[in-house]
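# Topology and contacts: notes
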Amino acid sequence: MIYVFKTSVDSPSKLESASALLHELLPETLWNFDLEDCDNILRIDSEHEIVDLILNNGIFDCIELE
């Protein structure tokens, strides 16, 4: 399933912190940020339910998009 989130990741330093967190939380999962999008989109391709994990990550703010 593809999950899409609007995020507060809007700079290289925030991207670095978010990437480190995602590598730790979701080591086997494909994900990417689109910082050229006005909503700083995070897309995650995962077979597992990850919404609560991402929404409550403590590093960056995000909102799940439908």
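In this report, the structure presented in the accompanying data block is examined.

Rules and cut-offs
Residues numbered from 1 in each chain as written. Predicted model: local features only at pLDDT ≥ 70, side-chain atom pairs only at ≥ 80, totals over all residues. Heavy atoms only, no water. Buried < 20%, exposed > 50% of the residue type's maximum accessible area, 1.4 Å probe, protein only. Helix = DSSP H or I, 4+ residues; strand = E, 2+ residues; numbered from the N terminus. Pairing = 2+ DSSP bridges. Phe/Tyr/Trp six-rings, centres within 6.5 Å; stacked < 30°, edge-to-face > 60°.

What follows covers the pairing of strand β2 (residues 30-34). Residues W31 and F33 of β2 are buried on one face, while the alternating residues L30, N32 and D34, pointing to the opposite face, are not. Note: β2 against strand β3 (residues 41-45), 5 bridges, orientation antiparallel. Within β3, the position partnered with W31 by the bridge is I44.

Enumeration over the complete set of coordinates arrives at 2 aromatic pairs. For the ring pair W31 and F33, a centre distance of 5.9 Å and an interplane angle of 80 degrees mean the geometry is edge-to-face. On the basis of relative accessible area, F33 is assigned to the buried category, the value being 14%. Consider the rings of F33 and F60, whose centres lie 6.0 Å apart with planes at 75 degrees: the pair is edge-to-face. Note that F33 is positioned in strand β2 and F60 in the loop between α2 (51-55) and β4 (62-65), a separation of 27 residues in sequence. On the accessibility criterion, F60 (6% relative accessible area) is buried. Ring pairing ties together the aromatic residues W31, F33 and F60, which thus form one cluster.

Unusually for a residue other than glycine, N40 sits at a positive phi of about 50 degrees. Among the secondary structure elements, N40 is positioned in the loop between β2 and β3. Judged by its relative accessible area of 12%, N40 falls in the buried class.

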